[in-house]
Amino acid sequence: MSASQTSDVPTLLVKIFGKDRPGITAGLFDTLAAYSVDVVDIEQVVTRGRIVLCALVTEPPRGLEGDLRATVHSWAESMKMQAEIISGLGDNRPRGLGRSLVTVLGHPLTAKATSAIAAKITHAGGNIDRIFRLAKYPVTAVEFAVSGVETEPLRTALVTDAAKLGVDVAVVAAGLHRRAQRLVVMDVDSTLIQDEVIELFAAHAGCENEVAEVTAAAMRGELDFEQSLHARVALLEGLDASVVDKVRSEVRLTPGARTLIRTLKRLGYQVGVVSGGFTQVTDDLKERLGLDFAQANTLEIVDGKLTGKVTGEIVDRAGKARLLRRFAAEAGVPLAQTVAIGDGANDLDMLNAAGLGVAFNAKPVVREAAHTAVNVPFLDTVLYLLGVTREEVEAADMHDDED
């Protein structure tokens, strides 16, 4: 009997709860099988070793319901569990139009924040159909399946006050396309790595303060990115090219960066980086991390010395978005199925162009403009926004250990 055929026929909701152990699901349905019932729906959840198993089945042949109830209760008692059986009509009510997945990250995830998120979903006209924990480490990540409200207004309702609640919230449309996001492109400085590469070079040139002054002027809006790039690189003129290897060795990956990339690659994603920094570093990162794409500015080197100039196409704010589109075309991935990650205003065009833009430990203006934000120092938490569970992350790690 199909679900549509059960809309107005008598059904029984059989609920079993108690200490989890192997064989409970098989035992319950073996007990029900004796009464020739059909399965309409099943839900099972295990929390801290306690199981709640719900089976929605058709009513047994006339005259056998009482016997079924007695037998199920007897079986549950023999398993040291409890049973509850509720009569009713048909299946679950249909889910409302507009289906979204709401991922909430907390470090920790408090009851107060959870209450506020749930209330905001309700106030926006949504209904929570299911809640699932994606991870408990390094953050607590839970996913709400919500229906009854369109994705964009739900995102607006939830993301606005997320930072005040001490959580990060991502809202995406439910559907197969979520798992089909097959290209992730991220910024490098202060995103993939903890450092600002120009500052590492400046330290070797003894001009950290001068570089910092130019950076501050750019942040005040007195210089655009290209002007500030040329001004800062000019300060490196005459630096020996051997410094490149020293800077590469000084680069520190952001915690979780290797895990993020390794897991994405295991899941079939392509991964790239775009940077306002330098190919002398990004090319090395591409090789070390097995990236599919990498593009940055190039420091000009002549006769073993930095000339204080850059060559080739400038990677600025607009350039990053342009490169995202180029990588997507080369990867054969629709732009709507791309993910971009960045921390600065220079990343905004890229974040907005992607199907999902993630502001990673970003300034307020970037957090507000991006689709979602992550404010914990672990880059692999982005995986949870894509619906990847901690168990899948660990499985990818185990697979690598076996290789």
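Everything numeric here is computed off the predicted structure, so don't read it as measured data. (Residues numbered from 1 in each chain as written. Predicted model: local features only at pLDDT ≥ 70, side-chain atom pairs only at ≥ 80, totals over all residues. Heavy atoms only, no water.)

In this section: the sheet that holds strand β11 (residues 293-302). Strand order in the open sheet formed by seven strands is β12-β11-β10-β9-β13-β14-β15, with mixed pairing between adjacent strands. The sheet is open, and its two borders are formed by β12 (305-311) and β15 (372-374), each paired with just one other strand. Strand-to-strand twist in this sheet, taken as the mean axis angle between neighbours without regard to direction, amounts to 25°. Where strand β9 (residues 183-186) and strand β10 (residues 270-278) come together, four bridges link them in parallel fashion. Paired with L183 across the bridge in β10 is Q270. (Pairing = 2+ DSSP bridges. Helix = DSSP H or I, 4+ residues; strand = E, 2+ residues; numbered from the N terminus. Axes fitted to C-alpha atoms, helices over the stretch in contact; angles between N-to-C directions.)

Taken domain by domain, the protein comprises domain 1 (10-89), domain 2 (100-174) and domain 3 (183-396). Using only C-alpha atoms to locate each centre, domain 1 and domain 3 end up separated by 54 Å. (Domains from an automatic or database assignment.)

The next subject is the layout of surface pockets. Reported here for the largest pocket is a volume of approximately 770 Å³. Forming the walls of the largest pocket are 29 residues, and the residues nearest its centre are E196, T215, F225, R232 and N346. Where the lining of the largest pocket is concerned, the elements lending two or more residues are α7 (197-205), α8 (208-219), α9 (225-234), β10 and α13 (317-331). Ranked by residue count, the leading element in the lining of the largest pocket is α9, at five residues. Residue composition of the lining of the largest pocket, grouped by class: nine nonpolar, nine polar and eleven charged. Computed from the structure, the second largest pocket encloses a volume of approximately 560 Å³. Lining the second largest pocket are 21 residues, and of these D41, E43, D91, N92 and R93 sit closest to its centre. Elements with a minimum of two residues in the lining of the second largest pocket: β1 (10-19), β2 (39-47), β3 (50-58), β4 (82-89) and β6 (127-135). Per-element tally for the lining of the second largest pocket: the top contributor is β4, with four residues. Looking at the lining of the second largest pocket residue by residue, the classes come out as eight nonpolar, five polar and eight charged. (1 Å grid on protein atoms, 1.4 Å probe; cavity = no way out; pocket = protein on both sides within 12 Å on 5 of 7 lines; lining within 4 Å. Points joined across faces, edges and corners; volume = space filled by probe spheres on them. Nonpolar A, V, L, I, M, F, W, Y, C, P; charged D, E, K, R; others polar.)

Strand β7 (residues 140-147) sits mainly inside the fold: seven of its eight residues count as buried. Relative to β7, strand β5 (residues 99-106) runs antiparallel, the two being bridged by eight bridges. When the bridges of β7 are listed, G106 appears paired with T140. Here β6 hands over to β7 after four residues, the two strands then running antiparallel side by side. (Buried < 20%, exposed > 50% of the residue type's maximum accessible area, 1.4 Å probe, protein only.)

Moving on, we come to the side chain of T389. Along the chain, the position of T389 falls in the loop between α16 (382-385) and α17 (390-402). When residues no more than four places from it in sequence are discounted, the contact partners of T389 are F132, L134 and Y384. (Contact = heavy atoms within 4.5 Å.)

In this section: the sheet that holds β7. Ordered in space as β6-β7-β5-β8, the four strands form an open sheet in which the pairing is antiparallel. In the strand order of this sheet, the two ends are held by β6 and β8 (167-173), each with one partner. Within this sheet the neighbouring strands show an average axis-to-axis angle of 20°, counted without direction. Sitting on the sheet, helix α4 (residues 151-159) touches β5, β7 and β8, and the angle it makes with β8 is about 175°.

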